[in-house]
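This is what each chain is made of:
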Amino acid sequence: MLTRRDVKTLGMVLAGGKGTRLHPLTAKRTKPAVPFGGKYRIIDFALNNMVNSRIYGMYVLTQFKAQSLTEHIQRYWRFGNFLSDYFISLAPAQMYRYEELGTEWYRGTADAIYQNMHLIRNNKPDLVAIFSGDHIYKMDISHMIDYHLEKGADITIAAYPTPIEEATRFGVLQVDRNYTITDFQEKPAKPKTIPGREDYALCSMGNYIFSTNPLVTLLNRDASQEGSEHDFGKDVLPEALGEGYHIQAYDFARNPIPGQMGANTYWRDVGTLDSYWEASMDLVAVEPEFDLHNPAWPLRTATEFSAPAKFVHEEESRRGQAFNSLVAGGVITSGSTIRESVLSRRVRVNSYSLVERSVLFDDVEIGRHCLIRNAIIDKNIAVPSNTEIGVDPEADYARGYTITDQGVVAIPKDYVFT
């Protein structure tokens, strides 16, 4: 039987999403470029999954508001120049098929790959790993590749076992007892369950392993289909199933992560402000389900030479301290208190202020006597002294802040207080 060592795999990371539900964090950047976890960007988790899985040749497909994402990858995600098969390259929408398609933008996830078919031909891979660049999770893709080869599949779809009451929000895969896919349901009112697990349904994660020949055939056919949305989940995969291609579901909970005890069950689509804030709060738990501190599964990102974090003053009412929080390099906590929060690089919180259950991006400064609660504050913002955020919803609304259904307050990048 072939193993991953016998085949060549090309990685294709889809990173072109607008992320409109994450506004205002996506007002000036694409969703995969949004900062997360104090020092990372969302795209870093997909790229680390590829590299840690020994997939060293990959393209990142970009589109909307891609400048900061482009700079991040060009500056910080580079292999050496001596190994031609080791590369991370950007593939922006370039109108390669402009005369044929009449549009410069990718029309859907499948079309994004179709418009870059020349990259697949140039690299001559046996397999193509097509993964989303805007989710938070860890995954050893090599294990999924072994499963794909063992099953002799044409296509393998990563699937997330989801409680049946939540599965209505996703595309649901129907499988037999061998996890061969027999049908698809798109956001069904009554999802069908996993055989033998009547409380769960298998939901597509939008991550795929394709054998190259079936991928090329299916994309060429889909490109000519009138009425197609050129989306893998909505169009290409149901068509492939109808044509008799062998499609397997890969149970994400089976995926082993070196250095991690227990099942690998953490996967979050941080597509809304509330889900982004919740995932950030997951990080500050005493024993987080998604652990950033696993040397056996390193999480690489931008290398910046920030000073160490610093906590100053130790008076009765003026003490620099942080509890159950993530604090990045260059942070200065000056006579203030931080609780259950994520502070990114070079944040400064001045005396007598309290920051609770909040996320502060790079270069935010909080003045004295401030109260910040349940907030996401984007980069390069100076919050004046005596400011309250997340305390009085009516006042926050009057100031023009974005307020979610759960009461999370978001302030956009470069916001100027008046």
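Analysis parameters
Residues numbered from 1 in each chain as written. Predicted model: local features only at pLDDT ≥ 70, side-chain atom pairs only at ≥ 80, totals over all residues. Heavy atoms only, no water. Pairing = 2+ DSSP bridges. Helix = DSSP H or I, 4+ residues; strand = E, 2+ residues; numbered from the N terminus. Salt bridge = Lys/Arg side-chain N within 4 Å of Asp/Glu carboxyl O. Buried < 20%, exposed > 50% of the residue type's maximum accessible area, 1.4 Å probe, protein only. Axes fitted to C-alpha atoms, helices over the stretch in contact; angles between N-to-C directions. Left-handed = near helix turned anticlockwise from the far one by under 90°. Contact = heavy atoms within 4.5 Å. Nonpolar A, V, L, I, M, F, W, Y, C, P; charged D, E, K, R; others polar. Core = buried A, V, L, I, M, F, W, Y, C linked by side-chain atoms within 4.5 Å.

Caption draft 1: Structural view of the sheet that holds strand β23 (residues 365-366). If you trace the 5 strands from one edge of the open sheet to the other, you get β14-β17-β20-β23-β26, paired in parallel fashion. Edge positions in the sheet fall to β14 (310-312) and β26 (382-383), since each of these pairs with one other strand and no more. Relative to strand β20 (residues 348-349), strand β17 (residues 332-334) is paired through 2 bridges, and the arrangement is parallel. By the bridge assignment, Thr333 is partnered in β20 with Val349.

Caption draft 2: Spotlight on the pattern of salt bridges. Per the counting criterion, the structure on display carries 20 salt bridges. Ionic pairing is found between Asp378 and Arg29, a salt bridge with its closest N-O pair at 2.9 Å. Here Arg29 lies in the loop between β1 (9-15) and β2 (35-36) and Asp378 lies in the loop between β25 (375-377) and β26, a separation of 349 residues in the sequence. Arg29 shares its class with Asp378; the two are buried. Across the pair Glu71 and Arg75 runs a salt bridge whose closest N-O atoms are separated by 4.0 Å. With Glu71 and Arg75 both in helix α2 (residues 67-76) and 4 residues apart, the pair spans about one turn of that helix.

Caption draft 3: Inspection of the sheet that holds strand β24 (residues 371-373) at higher detail. Sheet architecture is open: 5 strands sit in the order β15-β18-β21-β24-β27, paired in parallel fashion. Every other strand in the sheet has two partners, leaving β15 (321-323) and β27 (388-389) as the edge strands with one partner each.

Caption draft 4: Region of interest: the packing of helix α7 (residues 212-223) against helix α8 (residues 232-242). In the contact formed by α7 and α8, the axes pass within 10 Å of each other and the chain directions differ by 115 degrees. In this structure, α7 crosses over α8, and the sense of that crossing is right-handed. From α7, Leu215, Leu218, Leu219, Arg221 and Asp222 reach across to α8, where they touch Phe232, Asp235, Val236, Glu239 and Ala240. Looking at the contact of α7 with α8 residue by residue, the classes come out as 6 nonpolar, no polar and 4 charged.

Caption draft 5: A look at the nonpolar core. Among the nonpolar cores identified, the biggest contains 79 residues, and Ile113, Ile130 and Phe232 are the most heavily contacted of them. At 7 residues, the largest contribution of residues to this core is made by strand β11 (residues 200-211). Within the second largest apolar cluster, 29 residues are counted, among which are Val34, Tyr40, Phe45 and Leu292.

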